[in-house]
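Understanding the architecture of this molecule
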Amino acid sequence: MNVLPFRYITTPIYYVNDRPHLGHLYTSVAGDILARFYKLLGYGVKFVTGTDEHGAKVDQAARNQGVSPQDYVNSMAKAFQDLIHAAHVQADDFIRTTQDRHHRAATALWDRLEKTGAIYLDHYAGWYAIRDEAYYDESELTDGPDGKMAPTGAPVEWVQEPCYFFRLSQFQNPLLDYYHDHPEAIGPDSRYNEVVSFLNSGLRDLAVSRSKMTWGIPIPGSNHVMYVWVDALTNYLTGLGYPDTDCPEFETYWKESIHLMGKDILRFHAVYWPALLMAAGLTPPKRLFAHGWWMSEGQKMSKSLGNVIDPFALMDQYGVDRVRYFLFRHVRFGQDGDFSKELFQQRCNHELADGLGNLVHRVLSFIQNRLGCVMPVCSEIAVPLDSKYGAVHAGAETLGHWASEQLQWWIQMIEEQNIYGYLESVYSGITKGNAYMAELAPWALLKLANSGDTAAAQAMHHGLYALVSFLRDLAIALWPVIPSTAQSMWTQLGLQGAIQDSAKIGKELKNSTRGVFSCFGSDLPAVIGQPSPLFSKDV
Ligand code: MSP
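To keep things clear, this report deals only with the structure shown in the data block. Everything quoted here is computed from the prediction, not taken from an experiment.

Structural notes on the overall build of the chain
- If you tally the helices and strands in the chain, you get 21 helices and 17 strands.
- The principal-axis extents of the C-alpha atoms in the chain amount to approximately 95 × 50 × 40 Å.
- For the chain, with 539 residues in total, the buried portion stands at 56%.
- Summarising the internal contacts of the chain: among those between residues at least 6 apart in sequence, 77% fall at separations of at least 24.
- Of the roughly 22200 Å² that the chain leaves accessible, carbon and sulfur atoms contribute 51%.
- Averaging the positions of the 44 positive and the 58 negative side-chain charges in the chain gives two centres separated by 3 Å.

Set out below in structure tokens:
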């Protein structure tokens, strides 16, 4: 039997000290797009997200509300779960760091680190930024209006406490060697260089416990709790059932792990996390991908400026798919972006309503109004290019085979987390489809066919058949990004069931031949469904 590959995709787990914002939506949808694409290919996929519920920041937020941290995180975690549902993110698991299974995983990792001698007890005296949940060296700080400030702009406080340390300094060379041998481990490439130069500047041992706090995972035999980043990073193991690593599932998925995150937290993932894993005898994640940050109308999003984009409100106003599409079509995944309502509306109206919506409507309403919803017939035709309708037939062949020609490229784009490149290709298909519909001009061919021109009838059928087949493939290609719209296209085309159950690109690919259109299976139905506009109105 041919065993298909596996992929383990994760998002960062989100701090629950505040309501979800656009940044949370962004990574969750990115993970969802990758996971859905791999699911279409028939791969074994686990896509995991969750909430980071310990640490000083969350503790402080609970205190400000006058509730216990546990009650507070219970109510806040729900907002993050609601967000993924609202955004149609199909996560296979949702990890909360207050769950028992996570305590077990984090405690097991800690034990392992202690046993290997990677952790020792000492005393920390230095700076800590609660907002970043990060330790800073004096030399990194600057003077801000309200006192000393971390490079991120976060206020810092002086912390002095007994503390466990992790021997991070011993991992400078192992990490440099690892990244030297695995240049593909960090994307985009510019981030790889950033990590390597950070490693070259030297590493100091890392404080990994807090003794003046109680809201965290207790360290057995002490009155300390784990530093929230050690606790949080371990969630990636919890998602695979750690510490039960002897099950084949753990091995299979861990080897194929892809961690997505924002650029601000790459260092935690690319330096601390692989070092902790190496110390525990585990391999680093296969790939880390750091995306950029969104600004709002040209400015950094901040509560004080009142320009923080509420992802729920955005999706309510414009619909989930417009938001999902824009976030990944407007900006190359990996680069910073600026969210502007004007550009959002322009792009959605131009590409989704006028581009995609019109194409689907033109093709289907022609078949409905002029052919009584009956699918055009298409047999194997070999029409010489220089015949009267040779160009129409050639165009039909090109369009009908477009998706199968693109497939390898799409796989490559998704493997590189280049969702922008993927959408660029899919959108170019929409443009080609519209151009072909105009070139085919089926209404003119129908007129000729009705006056007895059988060659015109054959050309019209061939062209329309190719268009419908092309739309079916387009629906599949769009499904990872705009799943509801894709499903609606599918149903309007008269295809049954849910796309994810019917379309298995990988399975069909094996059987594909050049003789039939599309490698994606699902025969075209005898009659199309009821056409209705995909995007009800311009926004
Ligand atoms: N809890 C940690 C992650 C632990 S993972 C083991 C954390 N949480 S967070 O809620 O503060 O941030 C989550 C993600 O949101 C990060 O990847 C961060 O980069 C991202 N974003 C926060 N603001 C953002 C934008 N304005 N734009 C895009 N992403 C942004 O860090």
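Describing the environment of tyrosine 178
- Looking at the element boundaries, tyrosine 178 is found in helix 5 (residues 172-181).
- With 71 residues separating them along the chain, tyrosine 178 and glutamate 249 place their C-alpha atoms 24 Å apart.
- Setting aside chain neighbours within four positions, we find tyrosine 178 in contact with Ala185, Met278, Pro284 and Pro285.

Things to note about the sheet that holds strand 11 (residues 206-207)
- Pairing in this open sheet of four strands is antiparallel, and the strands run 6-5-9-11 from one edge to the other. Each edge of the sheet is formed by a strand with only one pairing partner; in this case those strands are strand 6 (134-136) and strand 11.

Observations concerning the side chain of histidine 269
- Counting through the fold element by element, histidine 269 comes out in helix 10 (residues 266-279).
- Judged by its relative accessible area of 1%, histidine 269 falls in the buried class.
- A distance of 2.7 Å separates polar atoms of two side chains, one belonging to histidine 269 and the other to tyrosine 236.
- Excluding its chain neighbours within four sequence positions, the residues that come into contact with histidine 269 are Trp229, Leu233, Tyr236, His259, Met261, Pro274 and Leu288.

So, the site of the ligand
- The full set close to the ligand counts 23 residues, and Ile13, Asp52, Gly262, Asp264 and Trp294 are the nearest of them.
- Tryptophan 293 places a side-chain nitrogen or oxygen 3.2 Å from an oxygen atom of the ligand.
- In isolation the ligand has 670 Å² of accessible area, and contact with the protein removes 93% of it.
- Those elements that place two or more of their residues in the shell around the ligand are strand 2 (14-15), helix 1 (22-40), helix 7 (228-233), helix 8 (235-238) and strand 14 (257-262).
- Ranked by residue count, the leading element in the shell around the ligand is helix 7, at three residues.
- When grouped by side-chain class, the residues that make up the shell around the ligand number 13 nonpolar, eight polar and two charged.

So, the side chain of arginine 329
- Mapped onto the elements, arginine 329 comes out in helix 12 (residues 320-329).
- Assessed through its relative accessible area of 8%, arginine 329 is described here as buried.
- A polar contact of 2.7 Å, which involves the side chain of arginine 329, links it to the side chain of glutamate 351.
- Leaving out residues up to four positions away in the same chain, arginine 329 has contacts with Arg347, Glu351, Tyr420, Leu423, Glu424 and Tyr427.

What about the nonpolar core?
- The biggest cluster of nonpolar side chains holds 191 residues, and the ones touching the most others in it are Phe166, Tyr179, Tyr227, Phe328, Leu356 and Leu474.
- When residues of this core are assigned to their parent elements, the largest contribution, 14 residues, is made by helix 18 (residues 454-478).
- With sequence-adjacent residues up to four places away left out, leucine 474 is seen in contact with Leu356, Leu359, Trp402, Val426, Ile430 and Met489.

Some remarks on the packing of helix 11 (residues 311-318) against helix 12
- At a minimum axis distance of 6 Å, the contact between helix 11 and helix 12 shows a crossing angle of 115°. In contact with Leu314, Met315 and Tyr318 of helix 11, helix 12 contributes Val320, Arg322 and Val323.
- For the contact of helix 11 with helix 12, the residue count by class is five nonpolar, no polar and one charged.

Describing the pattern of salt bridges
- For the structure on display, the rule yields 22 salt bridges.
- Its salt-bridge partner being aspartate 32, residue arginine 324 comes within 2.8 Å of it at the nearest N-O pair. Within this pair, whereas arginine 324 is found in helix 12, its partner aspartate 32 is found in helix 1, the two being separated by 292 residues in sequence. Across the pair, exposure class does not vary: arginine 324 and aspartate 32 are buried alike.
- Each of Arg7, Glu256, Lys286 and Glu415 takes part in one network of salt bridges that share partners.

Structural notes on the packing of helix 5 against helix 6 (residues 189-200)
- At a closest axis distance of 10 Å, the pairing of helix 5 and helix 6 adopts a crossing angle of 155°. Judged by the angle between their axes, helix 5 and helix 6 are roughly antiparallel. Handedness of the helix 5/helix 6 crossing: left-handed. Contacts between helix 5 and helix 6 involve Gln172, Leu175, Leu176, Tyr179 and His180 from the first element and Tyr192, Val195, Val196, Leu199 and Asn200 from the second.
- Its residues assigned to classes, the contact of helix 5 with helix 6 comprises seven nonpolar, three polar and no charged.

Notes on the pairing of strand 14
- Counting buried positions along strand 14 yields six of six residues, so the element is predominantly enclosed.
- Side chains Ser257, His259 and Met261 of strand 14 all project onto a buried face; the interleaved residues Ile258, Leu260 and Gly262 project onto the opposite face, where all are buried too.
- The pairing of strand 1 (residues 6-10) with strand 14 spans three bridges and is classified as parallel. Across the sheet, the residue bridging to threonine 10 is histidine 259, located in strand 14.
- Each parallel crossover has a hand, and for strand 14 linked through helix 10 to strand 15 (residues 287-291) it is right-handed.

The rules behind each value
- Residues numbered from 1 in each chain as written.
- Predicted model: local features only at pLDDT ≥ 70, side-chain atom pairs only at ≥ 80, totals over all residues.
- Heavy atoms only, no water.
- Helix = DSSP H or I, 4+ residues; strand = E, 2+ residues; numbered from the N terminus.
- Buried < 20%, exposed > 50% of the residue type's maximum accessible area, 1.4 Å probe, protein only.
- Contact = heavy atoms within 4.5 Å.
- Areas by Shrake-Rupley, 256 points an atom, 1.4 Å probe, with all protein chains shown as cover.
- Lys, Arg positive; Asp, Glu negative; His and termini not counted.
- Charge placed at Lys NZ, Arg CZ, Asp CG, Glu CD.
- Pairing = 2+ DSSP bridges.
- Polar contact = N/O pair within 3.5 Å; in protein donor to acceptor, adjacent residues only side chain to side chain.
- Near = heavy atom within 4 Å.
- Nonpolar A, V, L, I, M, F, W, Y, C, P; charged D, E, K, R; others polar.
- Core = buried A, V, L, I, M, F, W, Y, C linked by side-chain atoms within 4.5 Å.
- Axes fitted to C-alpha atoms, helices over the stretch in contact; angles between N-to-C directions.
- Salt bridge = Lys/Arg side-chain N within 4 Å of Asp/Glu carboxyl O.
- Parallel < 35°, antiparallel > 145°, perpendicular 65-115°, else oblique.
- Left-handed = near helix turned anticlockwise from the far one by under 90°.
- Right-handed = clockwise from strand over helix to strand, strands pointing away.

Remember, this is a structural readout, not a statement about activity or role.
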